[in-house]
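# Architecture at a glance
Single-letter residue listing:
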Amino acid sequence: MSDQATFNQPRTGASIALRVLLWAVLIVFAIWFLLPAYVVVGTSLKGLEEIRGGSLLALPHELNFSSWRHAWSEACIGVNCTGLEPYFWNSVGMAIPSVIISTLLGALTGYSLTKFKFKGANLVFALILFGCFVPFQVVILPMAVTLGKIGITNTVYGLILVHSVYGMAFTTLFFRNYYVTIPDELVRAATIDGAGFFTIFRRIILPLSPPIIVVSVIWQFTQIWNDFLFGASFTTGGAQPIMVAMNNLVNTTTGVKQYNVDMAAALITAAPTIFVYIIAGRYFVRGLTAGSVKG
Amino acid sequence: MTHPPLKIADRIARWLPQIVVAPCFAAILFFVYGFIAWTAYISFTKSKMLPNYNLIGTRPYERLFQMDRWGVAQENLFIFGILFIAFAIVIGCLLAVLLDQKIRAEGFIRTIYLYPMAISFIITGTAWKWIMNPSLGLETVVRSWGWESFSFGWTNDANLAVYALVMAAVWQSAGFVMALFLSALRSVDQDIIKAASLDGASPWKIYMRIILPSMRPVFMSAIVILSHLAIKSFDLVVALTGGGPGYSSTLPANFMYEMTFRRNEIGIGAASAMIMLATVAAIMVPYLYSELRGKKHV
Amino acid sequence: MASLTIKNAVKRYGNVEVLKGVDIDLQDGEFLVLLGASGCGKSTLLNMIAGLESVTEGEISIGDRVINDVHPKDRDIAMVFQSYALYPNMTVAKNIAFGLEMRGVPKAERETAVLEVAKMLQMDHLLDRKPGQLSGGQRQRVAMGRALVRRPEVFLFDEPLSNLDAKLRLEMRTEIKRLHKRLNATMVYVTHDQIEALTLADRIAILKDGEVQQLASPAEIYDQPVNMFVAGLVGSPPMNFIKSKVTQADTGLVAEVSVLANGVEQPMLLDLSQQPADLTDWIGREVIVGLRPEAITQDGQGASFDSDIDVTEATGADTLCVLTWNGQEVMARVSSGYAQIIEGTMAFSIDMSRASLFDPKTEMRLS
């Protein structure tokens with residue numbers, strides 16, 4: 001923390017004015033950041049009449065959760081009026097295996113690349129790293145063809161494959177940057193003690209890894225849950241993940257526009273990642289910055 | 001002297017690291033580099049709805065650059081990219097410096113500023129689209145307060161739709177930039193700050209002359225990451241403006257998707273994807289190169 | 001227990017030759033110290049013995065078994081690392097037992113062995129702690145215990161004391177010496193600290209730029225350094241090097257220097273008659289006379305002379321006086337009672353039987 005270097009000097013008039021200004025700016029931005037959340041939650045609790053007649057910013061007259069229920073189990077997505085529920089489970093079924101696979105492979109790859117620096121390891125890492133930054137537009141077309149060839153287009157398996165592969169680049173980066181901070185001497189000591197590659201990983205490295213595993217899992221889960229491009233490109237109809245279904249629900253033009261249901265659907269769709277953010281925000285920030293601070 | 005041969009198990013063990021890296025590396029080779037090659041190839045063919053493997057030279061690129069839609073997309077990316085990066089960095093940096101002033105509720109405020117990063121662009125777009133609704137959104141509310149000329153229906157105005165994208169994207173990313181800067185601010189050597197204040201530098205001078213200049217690498221990282229985000233932007237357009245009105249707010253990523261999946265112009269789609277890749281590579285490769293080279297560990 | 005033979009060991013990384021053909025023959029139970037500045041190749045050599053680095057050329061054998069291609073775990077060695085490399089997630093007991101566990105030693109046997117070693121190193125009360133809860137010295141002991149418990153043929157130490165404070169370092173140094181005596185095991189010890197080397201070693205190998213400069217007992221290294229590098233590396237403060245011309249005097253060969261005494265440069269002749277080397281070829285030529293500070297001491301133990309004292313540095317047991325010879329600084333070591341005077345002129349004496357002569361061009365000892 002900055003010691004002297006703050007505006008927290010003796011309380012002169014000017015310093016108090018500065019302090020007030022500072023808080024004013026912080027609060028204005030807080031309002032800006034919170035506005036969409038407030039509007040979405042508020043609208044989702046209002047009835048349609050209330051939305052049309054009242055102000056966007058007005059508090060709801062009563063807590064009416066019927067739009068939530070409607071969005072979850074009744075709303076029409078395209079021609080299917082099943083609500084978001086089946087799509088929610090699609091996303092869960094897609095995200096959990098992808099997160100596990102990419103984290104596990106990323107951990108092993110990162111471990112190999114840092115603790116057993118074989119010839120070409122740096123080149124391998126550079127090539128994998130670039131995979132993080134490739135715009136996915138350049139791979140969706142061949143991916144669509146490949147998924148078709150394997151016969152897993154429009155299935156959860158196709159999306160698991162896609163997310164595992166492209167997630168691996170990030171998880172490898174995370175684990176590699178974490179493992180370079182673990183001293184090599186630990187691995188050397190264990191080698192002399194007689195432990196092999198996997199034993200060292202399981203007995204020495206893995207017990208030191210929980211922080212980065214949490215970062216990786218949170219990052220991957222958020223990325224996969226929030227993905228829209230792959231879901232929209234490789235699935236249609238009932239196989240879609242929730243993010244695509246939600247967008248379709250909002251953009252379905254038949255009938256009366258039910259803003260409250262749209263907003264409830266947005267809330268339901270965002271809930272898992274927001275939940276993760278609330279319980280593990282600290283690790284969330286670490287994951288976000290890990291991509292920029294390389295070891 | 002005896003010279004015992006290496007045990008077979010040891011011989012395999014010696015190759016284990018490579019064997020373990022192999023699946024990940026092979027997958028990346030195939031699914032990233034192989035696919036790039038494939039897309040590159042297709043971008044020189046007359047592929048329409050299905051891939052067609054007859055090369056026709058650079059014709060798809062020529063056609064691409066003749067399309068007004070692509071021109072608009074590129075122009076939009078330029079405007080969007082510059083404004084998005086500039087605002088995200090200025091706001092993120094400002095918030096980081098303000099939060100660094102021993103704010104009592106810092107953790108709480110930081111949580112508020114950063115939560116948009118947990119949310120998908122689709123949700124962000126949906127929420128702001130609703131706020132910008134011309135008849136029921138914020139515009140009506142503010143006008144009812146007496147500010148009759150207030151206009152916030154940006155998504156429905158072909159001249160303003162891009163700025164709606166900028167606003168929502170900044171909303172989503174400013175907190176991330178703030179987190180980046182805040183952690184960098186906190187890692188500045190406190191002895192330097194103490195020395196400077198003993199030398200009589202005011203807090204303002206210390207920030208401008210010592211702390212911010214020392215964070216140049218963080219600025220670089222932020223710019224690179226944000227420009228990468230900008231080039232890949234796709235979902236936000238889909239949810240907020242749908243690329244419209246017309247195609248006034250379309251971005252290259254949306255152009256590519258439109259050509260590939262809706263218009264059966266795979267060749268053009270592939271060509272536009274290659275241009276996107278080239279743009280990203282022009283930014284990322286020098287950055288990654290300097291990052292990896294600078295911190296090589298022996 | 002076993003001997004250790006290193007035959008023409010070469011290590012190359014690409015085109016860079018880190019070790020340029022090292023030959024060392026170690027008796028069973030001998031304590032070898034590899035001494036040198038960082039980057040001299042001493043740690044690389046140790047890692048090659050351990051099997052953590054491959055041998056580019058040459059042969060390393062333990063006993064009569066060539067171990068170039070033997071996996072580290074099968075070499076029957078143990079190593080103590082500079083950072084101790086304790087497994088942070090395991091208790092002290094598990095840390096010590098890990099090597100035995102990997103070798104399939106039954107649990108009961110492991111526990112007995114751990115307890116025995118812990119008692120030997122007086123750390124049986126620490127067995128249930130994690131490394132994070134230990135002090136530096138305690139961690140060091142655990143690292144030693146981990147090596148001891150396996151009773152290997154060769155112990156390897158990679159600067160094991162350099163992370164300790166001065167007092168602990170002294171204590172552990174004695175402890176290692178005691179262990180060596182007790183186990184009578186073959187040990188190879190890497191350090192850049194010449195005092196550690198002198199106190200611990202049976203023999204010291206001094207490395208520079210991947211080559212062994214001298215492999216000899218501490219006494220020989222100290223008294224008859226083979227070149228100026230070795231002479232300058234060992235001993236604190238280092239040996240004085242004085243450039244001087246060899247001349248024929250009535251009494252025999254001498255080297256002439258000028259000494260500042262009472263503010264005036266006065267000539268002094270250093271007697272070279274006790275030098276074992278044949279110096280007839282050197283008459284009229286310049287040599288480097290190497291004199292350890294303790295060879296220039298208070299009056300009464302050899303040829304006597306007066307000299308001005310520039311500065312004195314009391315070290316407690318004795319006092320270092322800086323003199324000026326040939327315009328250069330020369331260190332003399334006198335007993336602390338003797339040098340009360342901070343400035344002024346004092347009588348000193350030189351023991352020329354302990355002088356070394358070097359060729360100024362090759363920097364090699366004249367013999």
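Bear in mind the structure is a predicted one, so any value in this text is a computation, not a measurement.

This part takes up the overall build of chain C. Helix and strand counts for chain C come out as 8 helices and 21 strands. Every one of the 367 residues in chain C was classed for burial, and the buried ones make up 53%. Within chain C, contacts between residues separated by at least 24 positions form 67% of all contacts whose residues are at least 6 apart in sequence. Just so you have it, chain C exposes about 15800 Å², and 47% of that area is on carbon and sulfur atoms. For chain C, the distance from the average site of its 37 positive side-chain charges to the average site of its 50 negative ones is 10 Å.

Our focus in this paragraph is the interface of chain B and chain A. Contact with chain B, which involves 102 residues of that partner, is made by 96 residues of chain A. Across the chain B to chain A interface the summed buried area is about 9000 Å²; carbon plus sulfur atoms make up 78%. At the junction of chain B with chain A, the criterion picks out 0 salt bridges. Applying the counting rule to chain B against chain A returns 18 residue pairs in polar contact (both at pLDDT 80 or more). Here the side of chain B that touches chain A gets 18 residues from one element, more than from any other, and that element is helix α1 (residues 8–42) of chain B. Each residue belonging to the side of chain B that touches chain A can be placed in one class, and the counts come to 75 nonpolar, 15 polar and 12 charged.

Relative orientation and spacing of two packed helices are given, respectively, by the angle between their axes and the distance between those axes. Contact geometry of helix α6 (residues 137–150) of chain A with α1 of chain B gives a least axis separation of 8 Å together with a crossing angle of 100 degrees. Comparing the axis directions of α6 of chain A and α1 of chain B gives the class roughly perpendicular. Within the contact between the two elements, α6 of chain A uses V138, V139, L141, P142, M143, V145 and T146 of chain A and α1 of chain B uses F30, F31, V32, F35, I36, W38, T39 and I42 of chain B. In terms of residue class, the contact of α6 of chain A with α1 of chain B is built from 13 nonpolar, 2 polar and no charged.

This next bit is on the domain arrangement of chain A. All names here are of chain A. Domain boundaries assigned for chain A yield domain 1 (13–64) and domain 2 (85–290). The gap between the C-alpha centroids of domain 1 and domain 2 is 34 Å. Listed per partner, the contact involves 9 residues of domain 1 and 8 residues of domain 2. Together domain 1 and domain 2 conceal approximately 670 Å² of surface at their shared face, both sides included; 78% is due to carbon and sulfur atoms. By the criterion of area lost to domain 2, the three top residues of domain 1 are V40, S44 and L48, representing 59% of everything that side buries. Applying the counting criterion to the domain 1 and domain 2 interface returns 0 salt bridges. Between the two partners, domain 1 and domain 2, sit 1 residue pair in polar contact (both at pLDDT 80 or more). Every element with two or more residues in the side of domain 1 that touches domain 2 is listed here: α1 (13–45) and α2 (48–53). Broken down by element, the side of domain 1 that touches domain 2 gets its largest block of residues, 4 residues, from α1. Tallied by class, residues from the side of domain 1 that touches domain 2 come to 4 nonpolar, 3 polar and 2 charged.

We now examine the interface of chain C and chain A. In this assembly, 27 residues from chain C lie in contact with 15 residues from chain A. For the chain C and chain A pair, buried surface summed over both sides reaches about 1800 Å², with 61% attributable to carbon and sulfur atoms. Put simply, chain C and chain A have 2 salt bridges between them. Across the pair R203 of chain A and E101 of chain C runs a salt bridge whose closest N-O atoms are separated by 2.8 Å.

All names here are of chain C. Parsing chain C into structural domains produces domain 1 (4–233) and domain 2 (240–358). Computed from C-alpha coordinates alone, the two centres of domain 1 and domain 2 are separated by 40 Å. Taken together, the contact pairs 8 residues of domain 1 with 6 residues of domain 2. Of the roughly 650 Å² buried at the junction of domain 1 and domain 2 (both faces included), carbon and sulfur atoms supply 56%. Its largest share of buried area at the contact with domain 2, domain 1 owes to Y222, M228 and A231, together 71% of the area lost on that side. Here domain 1 and domain 2 share 0 salt bridges between them. Remark: the boundary between domain 1 and domain 2 carries 2 residue pairs in polar contact (both at pLDDT 80 or more). For the side of domain 1 that touches domain 2, the secondary-structure elements that each account for two or more residues are α7 (218–223) and α8 (228–233). For the side of domain 1 that touches domain 2, the class distribution of residues is 5 nonpolar, 2 polar and 1 charged.

In this section: the pattern of salt bridges. Enumeration over the complete set of coordinates arrives at 24 salt bridges over all chains. Between R110 of chain B and E106 of chain B there is a salt bridge, with the nearest N and O atoms lying 3.0 Å from each other. Highlighted residues: R110 of chain B and E106 of chain B, both in helix α4 (residues 106–114), separated by 4 residues, approximately one helical turn. We classify R110 of chain B as partly exposed; its relative accessible area is 33%. R12 of chain C is the partner of E17 of chain C in a salt bridge, and the nearest nitrogen-oxygen pair spans 3.2 Å. When its relative accessible area of 33% is taken as the criterion, E17 of chain C is described as partly exposed. In this structure, a network of salt bridges that share partners links the residues R69, E258, R262 and R263 of chain B.

Here the focus is a nonpolar patch on the surface. A surface patch of nonpolar side chains, about 470 Å² in accessible area, is lined by I8, I12, W15 and I19 of chain B. Along the chain, W15 of chain B falls in helix α1.

Right, let's talk about the pairing of strand β2 (residues 16–26) of chain C for a bit. Residue and element names in this part refer to chain C. Pairing geometry for strand β1 (residues 4–13) and β2, over 8 bridges, is antiparallel. Each bridged residue has a counterpart across the sheet, and for I6 the counterpart in β2 is I24. Two successive antiparallel strands, β1 and β2, enclose a turn made up of 2 residues, where G14 displays a positive phi of approximately 65 degrees.

Per-chain confidence: chain A averages 84 in pLDDT, with 92% of residues scoring 70 or above. Below pLDDT 50 for its whole length, residues 1–8 of chain A participates in 25 contacts with residues either more than four positions away or in separate chains.

What follows covers the packing of aromatic side chains. Residue and element names in this part refer to chain A. One pass over the structure, following the stated rule, counts 42 aromatic pairs over all chains. Measuring from centroid to centroid gives 5.7 Å for Y166 and F230, while their planes differ by 20 degrees, and the two rings are stacked. Of the two residues, Y166 sits in helix α7 (residues 156–179) while F230 sits in helix α11 (residues 229–234), which places them 64 residues apart along the sequence. Just as Y166 is buried, F230 falls in that class too.

Before going further, it helps to spend a moment on the environment of Q298 of chain C. Residues and elements named next belong to chain C. Looking at the element boundaries, Q298 is found in strand β15 (residues 296–298). Distance from Q298 to V246, taken between C-alpha atoms, is 25 Å for residues 52 residues apart in sequence. A distance of 3.0 Å separates polar atoms of two side chains, one belonging to Q298 and the other to S335.

To continue, consider helix α4 (residues 136–148) of chain C. Helical geometry note: an α-helix holds 3.6 residues per turn, so side chains three or four residues apart project in the same direction. Taking 1.5 Å of rise per residue, the 13 residues of α4 of chain C would be expected to cover 18 Å, and the 18 Å separating its terminal C-alpha atoms lies within 8% of that figure. Burial of α4 of chain C is extensive: 10 of the 13 residues sit out of reach of the surface. Among the residues of α4 of chain C, those classed as buried are G137, Q140, R141, V142, A143, M144, G145, R146, A147 and L148 of chain C. Considering only its buried residues, α4 of chain C is in contact with α8 (184–193) of chain A together with β6 (77–80), α2 (92–102), α3 (107–120), β7 (154–158) and α5 (166–183) of chain C.

Moving on: the nonpolar core. Counting residues in each nonpolar core, the largest one holds 239 residues, and the members touching the most others are F33 and Y166 of chain A, Y113 and W128 of chain B together with V188 of chain C. The element best represented in this core is helix α7 (residues 161–186) of chain B, accounting for 19 residues. Excluding its chain neighbours within four sequence positions, the residues that come into contact with F33 of chain A are L95, I112, Y113, Y115, P116, W171, A174 and G175 of chain B. Counting 48 residues, the second-largest nonpolar core is a separate cluster that includes A143, A197, I206 and V230 of chain C.

All names here are of chain C. Ordered in space as β15-β20-β16, the 3 strands form an open sheet in which the pairing is antiparallel. Each edge of the sheet is formed by a strand with only one pairing partner; in this case those strands are β15 and β16 (303–309). In this sheet, neighbouring strand axes are inclined to one another by 50 degrees on average, regardless of whether the strands run parallel or antiparallel. In this structure, β15 lies alongside strand β20 (residues 344–350), joined through 3 bridges in antiparallel fashion. By the bridge assignment for β20, Q298 is matched with F348.

So, how was this worked out
- Residues numbered from 1 in each chain as written.
- Chains lettered and ligands numbered in written order.
- Predicted model: local features only at pLDDT ≥ 70, side-chain atom pairs only at ≥ 80, totals over all residues.
- Heavy atoms only, no water.
- Helix = DSSP H or I, 4+ residues; strand = E, 2+ residues; numbered from the N terminus.
- Buried < 20%, exposed > 50% of the residue type's maximum accessible area, 1.4 Å probe, protein only.
- Contact = heavy atoms within 4.5 Å.
- Areas by Shrake-Rupley, 256 points an atom, 1.4 Å probe, with all protein chains shown as cover.
- Lys, Arg positive; Asp, Glu negative; His and termini not counted.
- Charge placed at Lys NZ, Arg CZ, Asp CG, Glu CD.
- Buried area = accessible area lost by both parts, 1.4 Å probe.
- Salt bridge = Lys/Arg side-chain N within 4 Å of Asp/Glu carboxyl O.
- Polar contact = N/O pair within 3.5 Å; in protein donor to acceptor, adjacent residues only side chain to side chain.
- Nonpolar A, V, L, I, M, F, W, Y, C, P; charged D, E, K, R; others polar.
- Axes fitted to C-alpha atoms, helices over the stretch in contact; angles between N-to-C directions.
- Parallel < 35°, antiparallel > 145°, perpendicular 65-115°, else oblique.
- Domains from an automatic or database assignment.
- Patch = residues over 30% accessible without salt bridge, like charges linked within 9 Å, V, L, I, M, F, W, Y side chains within 5 Å.
- Pairing = 2+ DSSP bridges.
- pLDDT = per-residue confidence, 0-100.
- Phe/Tyr/Trp six-rings, centres within 6.5 Å; stacked < 30°, edge-to-face > 60°.
- Expected span 1.5 Å × (residues − 1).
- Core = buried A, V, L, I, M, F, W, Y, C linked by side-chain atoms within 4.5 Å.

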